[in-house]
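Descriptive analysis of the structure
Listed below are the residues making up each chain.
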Amino acid sequence: MRVDDLKIKLFADGADLAGMLEMYADPKIKGFTTNPTLMNKAGVADYEAFSRDLLSKIPDRPVSLEVFADDLPEMERQARKIASWGDNVNVKIPVSTT
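Everything numeric in this text was worked out from a predicted model, so none of it was measured.

Overview of the overall build of the protein
- Along its length, the protein carries 4 helices and 4 strands.
- Listing each helix as α and each strand as β along the protein from the N terminus yields β-α-β-α-α-β-α-β.
- Relative to the 2.2 N^0.38 estimate, which gives 13 Å for 98 residues, the radius of gyration of the protein is 14 Å and therefore close to what a compact globule would have.
- Along the first, second and third principal axes, the C-alpha set of the protein runs to 45 × 25 × 25 Å.
- The burial tally for the protein puts 37% of its 98 residues in the buried class.
- In the protein, the proportion of contacts linking residues at least 24 apart, taken out of those at least 6 apart, comes to 58%.
- Carbon together with sulfur atoms contributes 53% to the accessible area of the protein, which is approximately 6300 Å² in total.

Structure (structure tokens):
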């Protein structure tokens, strides 16, 4: 069986832009996901700038970005703002808080 024959979609998880762009060249990768923890570990200092740069370079596959607030009103505000960054954006909202 080949990966192309599977009834699944492979999403790459990370926050290294160069690595994500490498995976973008692989048509088997159907989308991308990242979060504030991964971005922090990768040394990303500006969440919005990194995300917008990522979205400008990957405009045609789903990209999941996560809010980083803990309280519901701020989560909603962030989710709406993040969703406005592109038609391919999916916003993740965690079910637990810090």
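What follows picks up the thread again.
Notes on the packing of aromatic side chains
- Counting across every chain of the model gives 3 aromatic pairs.
- Judged by centre distance (5.3 Å) and plane angle (65 degrees), the rings of Tyr47 and Phe68 are edge-to-face. Here the residue Tyr47 occupies a position in helix α3 (residues 47-57), and Phe68 occupies one in the loop between β3 (63-66) and α4 (72-83), the gap between them amounting to 21 residues.
- For Tyr47, a relative accessible area of 13% gives the class buried.
- Among the aromatic side chains, those forming a connected cluster through ring pairs are Tyr47, Phe68 and Trp85.

Here's the deal with the nonpolar core
- Formed by 23 residues in total, the largest nonpolar core has its most connected members in Phe32, Met39, Phe50, Leu54, Val63, Leu65 and Ile82.
- Among the elements of the structure, α1 (17-24), β2 (29-33), α3, β3 and α4 are those that each provide at least two residues to this core.
- Examining the composition of this core, we find that 4 residues originate from one element, α3, more than from any other.
- Val63 has contacts with Phe32, Leu54, Leu55, Ile58, Asn88, Val89 and Asn90, leaving out every residue within four places of it along the chain.

About the criteria used
Residues numbered from 1 in each chain as written. Predicted model: local features only at pLDDT ≥ 70, side-chain atom pairs only at ≥ 80, totals over all residues. Heavy atoms only, no water. Helix = DSSP H or I, 4+ residues; strand = E, 2+ residues; numbered from the N terminus. Rg over C-alpha atoms; globule rule 2.2 N^0.38 Å. Buried < 20%, exposed > 50% of the residue type's maximum accessible area, 1.4 Å probe, protein only. Contact = heavy atoms within 4.5 Å. Areas by Shrake-Rupley, 256 points an atom, 1.4 Å probe, with all protein chains shown as cover. Phe/Tyr/Trp six-rings, centres within 6.5 Å; stacked < 30°, edge-to-face > 60°. Core = buried A, V, L, I, M, F, W, Y, C linked by side-chain atoms within 4.5 Å.

Note that all results are geometric; they support no functional claim without further evidence.
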